[in-house]
Amino acid sequence: MPSYRAPVEDMTFLLNDVFQFDRYNNLPGFSDASADVREAILSEAAKFSEQVLQPLNRVGDLEGCTRHDDGRVSTPKGFKEAYHQLGDGGWIGLAGPVSHGGQGLPATLAQSVNEFMISANMAFSMYHGLTLGAVAALMVHGTEEQKNTFVPNMLAGKWAGTMNLTEPHCGTDLGLLRTKAVKQADGSYKISGTKIFISGGDQDLTENIVHLVIARIEGAPAGVKGISLFVVPKRLVNADGTLGAANGVTCGSIEHKMGIHGNSTCVLNYDNATGWLVGEENKGLNAMFVMMNEARLGVAVQGLAQSEVAYQNAVAYARERLQGRSLSGAKAPDKPADPIIVHPDVRRTLLTIRAFNEAARALVLWTSLKSDVAHRSDNAADRQEADDHMSLLTPVLKGVLTDIGFANSVAAQQMFGGHGYIAEWGMEQFVRDARIAMIYEGANGIQALDLVGRKLPRDGGRAVTAFFKEVGSFAKENGDEAMKPYVAPLSTALGHLQQATMWLMQNAMGKPDNAGAGSADYMHLFGLVVMGYMWARMVKVAQAKIAAGDTSTHVATKLVTGKFFMERMLPETATHLARIQAGAATVMELPAEAF
């Protein structure tokens, strides 16, 4: 059976030492999250994840969800009780607005907790993860009545939320959607249509489900310019806040999926369901993107979280599994063979996963801090800089962390040999669960196109220019002998990214296929550079702590793992650059029928 231990020590190192969390105490909510409070929250979140959620992970995978003849859906054994504990413990509303029942703590702290829970049980964590995305959209675009009606119960865990975009005939191209909305005399709308792939579309965890649905109002313009967003509860809400009659939305079926079996992914049928407009008519994408951006960061964490739990189990197995002898002589002469962790290729695999996990965790927290600044700072310049950062890095986070998170889950599975293919060891579930993260909330090819086509040129390239300046300045300011093994490779990789950016600027305007052909390589090149920057920052802090007398293994290990990243992983930027500069000619040459 697989196991999981939340990386509290590493999370604390990042929050306290690398990003100096307390420096943000001028922002609302941060002063309430003192070091002692953070330690207590992370410790309790670790216990809940390890002791409650992780044991349910395999249960959820084996049992899945069940649709009954009347359309109701039941979740796996233990999920309902765990969700009640989640709500009662205040975990859903950790960073929610105090005005609507949340605790108002920083989103960065909530994201730290989020990683623990996803590693422990990804399918379960999706229920409240999507609820928080729905809350974010309502808080930005909903009316006061909508906020007051729905948000407190969602943050308390009494009600859940979903996001309804995809239809059977359209996925990313939302301009093709057919779900219609007909305005009623009382200002409400009647919603009719079918949505597919709706995570948590129906379940028995909560009393009500608040669906956020995109639809087209009768007579609206064609394409994405005619999309509106509606809030459509599963059960209608009476004027006094109590639950009323069932609404016209039912689960037609549950999708039979490769993984995340514990989450009910539903086909939802809307038959004159009553809904209310969120935001303005025909401006639904503006509101939906609030929810999608929240979800994309959450999905990025899914990639990291599955990589982390797969790594932990691979390391435990590598320490125990006896197979062959070390190339340099027996390391366990009293045993019939050495543990496989003595073999260089096993160590290379494990270090590759670990180096990614620690850099990705830093990247998630860095971006989460920017989110807190963007939403909480009263300084316009700081908010703009933070928003630029999030806009630029969201597709990188989603695409790179989920691509590599899946690859790492496969690599960790490989450590088990044939046992990795056997379900009872748990590794094949990590692989199956991780795979979806590369697809939903915008498939990774779309993320790459968004980065190259929209995010780079946005505001005249202001965000990417600022990023180049920050990383370049750090490298110049930290060129001493101790940091040279880290900043020299970083500077080389940054140069590759700058060359790639310039090449795209010069060669993609006239020939857009050049951008499309190089977009995935550009996204991964960017990801390597930003993770290299995270490693350089972590190493600098670790060196200072060691110089001050810190003798912990955790800190000492940072220097070695960081050097491994610089020597063995960061040089891949040269390959990505070469592919980008090859252009689209060969990619586009064959006629379709030749494939």
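If you're wondering where the values come from, they're calculated on a predicted model, not measured in any experiment. As a convention, each chain's residues are numbered from 1 in the sequence order in which they are written. Per-residue local features are limited, in this predicted model, to residues with pLDDT of at least 70; the limit for side-chain atom pairs, both in listing and counting, is 80 or more; totals at the level of whole chains, interfaces and linings are taken over all residues. No hydrogens and no water enter the side-chain calculation; it runs on all heavy atoms of the structure.

Topic: the nonpolar core
Formed by 149 residues in total, the largest nonpolar core has its most connected members in Leu401, Phe467 and Tyr522. Secondary structure elements are taken from DSSP: a helix is a run of H or I of four residues or more, a strand is a run of E of two residues or more, and numbering for both begins at the N terminus. The element contributing the most residues to this core is helix 14 (residues 512–547), with 16 residues. Residues contacting Phe467, with those up to four places away along its chain left out, are Trp366, Leu392, Leu497, Phe526, Val529 and Val530. Counting 27 residues, the second largest nonpolar core, distinct from the first, contains Leu138, Val210, Leu229 and Met292. Note on terminology: a nonpolar core comprises buried Ala, Val, Leu, Ile, Met, Phe, Trp, Tyr and Cys residues joined through side-chain atoms within 4.5 Å. Whether a residue is buried, partly exposed or exposed follows from its accessible area with a 1.4 Å probe, protein chains only, as a fraction of its type maximum: under 20%, in between, or over 50%, in that order. The criterion used for residue contact is that any of the two residues' heavy atoms lie within 4.5 Å.

What to know about the pairing of strand 3 (residues 159–164)
In terms of burial, strand 3 is a largely internal element, six of the six residues being buried. Taking every second residue as pointing to the same face, both faces of strand 3 are buried, with Trp159, Gly161 and Met163 on one and Ala160, Thr162 and Asn164 on the other. By this definition, two strands are paired if DSSP reports at least two bridges between them. Where strand 3 lies against strand 6 (residues 208–217), six bridges are found, and the strand directions are parallel. Bridged to Ala160 within strand 6 is Ile209.

Considerations on the side chain of Arg296
Turning to its location among the elements, Arg296 is positioned in helix 7 (residues 284–320). For Arg296, which is buried and forms no salt bridge, the nearest opposite charge comes from Asp450, at a distance of 4.8 Å. Not counting residues within four places of it along the chain, the set of residues in contact with Arg296 comprises Phe289, Thr394, Lys398, Glu441, Gly442 and Gln447. Within this scheme the basic residues Lys and Arg register as positive and the acidic residues Asp and Glu register as negative, but His and the chain ends are omitted. A side-chain nitrogen of Lys or Arg and a carboxyl oxygen of Asp or Glu constitute a salt bridge if their distance falls within 4 Å.

Details of empty space enclosed by the protein
Residues are said to line a cavity or pocket when one of their atoms sits within 4 Å of a point; the points come from a 1 Å grid over protein atoms alone, cavities being sets where a 1.4 Å probe fits but cannot get out and pockets being open sets with protein on both sides within 12 Å along at least five of seven lines. Grid points are joined across faces, edges and corners, and a volume is the space filled by probe spheres set on the points. Per the stated rule, a full pass over the model turns up three cavities of 30 Å³ or more. Of the volumes computed, that of the largest cavity is approximately 50 Å³. Lining the largest cavity, in full, are Met11, Gln111, Ser112, Glu115, Val301, Leu304, Arg361, Val364 and Leu365. Contributions of two or more residues to the lining of the largest cavity are made by helix 4 (107–120), helix 7 and helix 8 (344–376). Classifying every residue of the lining of the largest cavity gives five nonpolar, two polar and two charged. For the second largest cavity, the calculated volume is near 40 Å³. Residues were grouped as follows: Ala, Val, Leu, Ile, Met, Phe, Trp, Tyr, Cys and Pro as nonpolar; Asp, Glu, Lys and Arg as charged; and all remaining residues, including Gly, as polar.

So, the packing of aromatic side chains
Aromatic rings from Phe, Tyr and Trp, taking only the six-membered ring of Trp, are treated as a pair when their centres fall within 6.5 Å; an angle between ring planes under 30 degrees marks them as stacked, one over 60 as edge-to-face, and anything in between as tilted. Inspection of the entire model under this criterion finds 14 aromatic pairs. Between Tyr317 and Trp425 the ring centres are 5.4 Å apart and the planes differ by 85°, which places this aromatic pair in the edge-to-face class. Taken together, the residues span a long stretch of sequence, with Tyr317 in helix 7 and Trp425 in the loop between helix 9 (380–414) and helix 10 (427–435) at a distance of 108 residues. Owing to a relative accessible area of 29%, Trp425 belongs among the partly exposed residues under this scheme. Among the aromatic residues, those joined into a ring-pair cluster are Phe467, Phe468, Tyr522 and Phe526. Our definition puts a charge over a ring when NZ of Lys or CZ of Arg is within 6 Å of the ring centre and also within 35 degrees of the ring normal. Over the face of the ring belonging to Phe406 we find Arg435, whose NZ or CZ atom lies 5.5 Å from the ring centre.

Examining the pattern of salt bridges
Pairing is possible between side chains that carry opposite charge, provided their charged atoms lie close to one another. A full pass over the atoms with the stated rule returns 28 salt bridges. In this structure, Glu358 engages Lys558 in a salt bridge whose closest nitrogen and oxygen atoms are separated by 2.8 Å. With a gap of 200 residues between them, Glu358 in helix 8 and Lys558 in helix 15 (residues 553–569) connect regions that are remote in the sequence. Of the two residues, Glu358 and Lys558, neither departs from the other in class, the shared state being buried. We note a salt bridge from Arg458 to Asp459, for which the minimum N-O separation is 3.5 Å. Relative accessible area serves as the criterion here: at 34%, Arg458 is assigned to the partly exposed category. Of the residues examined, Asp459 reaches a relative accessible area of 44% and is grouped as partly exposed. In the salt-bridge network here, residues are joined through shared partners; they are Asp10, Glu115, Glu308, Arg354, Glu358, Arg361 and Lys558.

Re the pairing of strand 7 (residues 228–233)
The buried count for strand 7 comes to six of six residues, which makes it a mostly enclosed element. On strand 7, burial covers both faces: Ser228, Phe230 and Val232 on one face and Leu229, Val231 and Pro233 on the other are all buried. Examined bridge by bridge, strand 6 and strand 7 share six bridges and lie antiparallel to one another. By the bridge assignment for strand 7, Ala215 is matched with Ser228. As paired strands, strand 7 and strand 11 (residues 265–278) are joined by three bridges and run antiparallel to one another. From the neighbouring strand, Phe230 faces strand 11, where its bridge partner is Leu277.

Thoughts on the side chain of Asp450
Along the chain, Asp450 falls in helix 11 (residues 444–455). Whenever two N or O atoms come within 3.5 Å, that pair is a polar contact, provided that in protein one can donate a hydrogen and the other can accept it, and provided that, for residues adjacent in sequence, both atoms are side-chain atoms. A distance of 2.9 Å separates polar atoms of two side chains, one belonging to Asp450 and the other to Lys455. With residues up to four places along the chain from it excluded, the contact list for Asp450 reads Pro395 and Lys455.

Some thoughts on the environment of Ala137
In this structure, Ala137 sits in helix 5 (residues 122–141). Accessibility expressed as a relative area gives 0% for Ala137, which makes it buried. Linking Ala137 and Phe289, residues 152 residues apart in sequence, is a C-alpha distance of 8.2 Å. Not counting chain neighbours up to four residues away, the residues in contact with Ala137 comprise Gly142, Leu212, Ala287, Val290 and Met291.

So, helix 16 (residues 572–581)
An α-helix turns once every 3.6 residues. As a result, residues three or four positions apart point the same way. Thr573, His576, Leu577 and Ile580 are the residues of helix 16 that are buried. Viewed end-on, helix 16 has its buried residues packed into an arc of 100°, placing them on one side of the element. Residues of helix 16 that are buried make contact with helix 13 (484–507) and helix 14. With its phi angle positive at about 75°, Gly583 sits one or two positions after the end of helix 16. To be clear, the arc concerns the directions from the helix axis to the C-beta atoms.

Re the packing of helix 4 against helix 8
Two elements in contact, helix 4 and helix 8, have axes whose closest approach is 8 Å; the angle formed by their N-to-C orientations is 145°. Crossing hand, helix 4 versus helix 8: right-handed. Across the interface between the two elements, Ala107, Thr108, Gln111, Ser112 and Glu115 from helix 4 touch Arg361, Val364, Leu365, Ser368, Leu369, Asp372 and Arg376 from helix 8. In the contact of helix 4 with helix 8, the residues fall into four nonpolar, four polar and four charged. Lines fitted to the C-alpha atoms define the axes, with helices restricted to the stretch that makes contact. Angles between their N-to-C directions range from 0 to 180 degrees. Handedness of each helix crossing follows the sense of rotation of the near helix against the far helix: counterclockwise by less than a right angle gives left-handed, clockwise gives right-handed.

Observations regarding unusual backbone geometry
Here Gln20, not a glycine, exhibits a phi torsion of approximately 45°, which is positive. Its place among the elements puts Gln20 in the loop between helix 1 (8–18) and helix 2 (35–63). Although it is not a glycine, Asn272 sits at a positive phi angle of roughly 55°. In this structure, Asn272 sits in strand 11.

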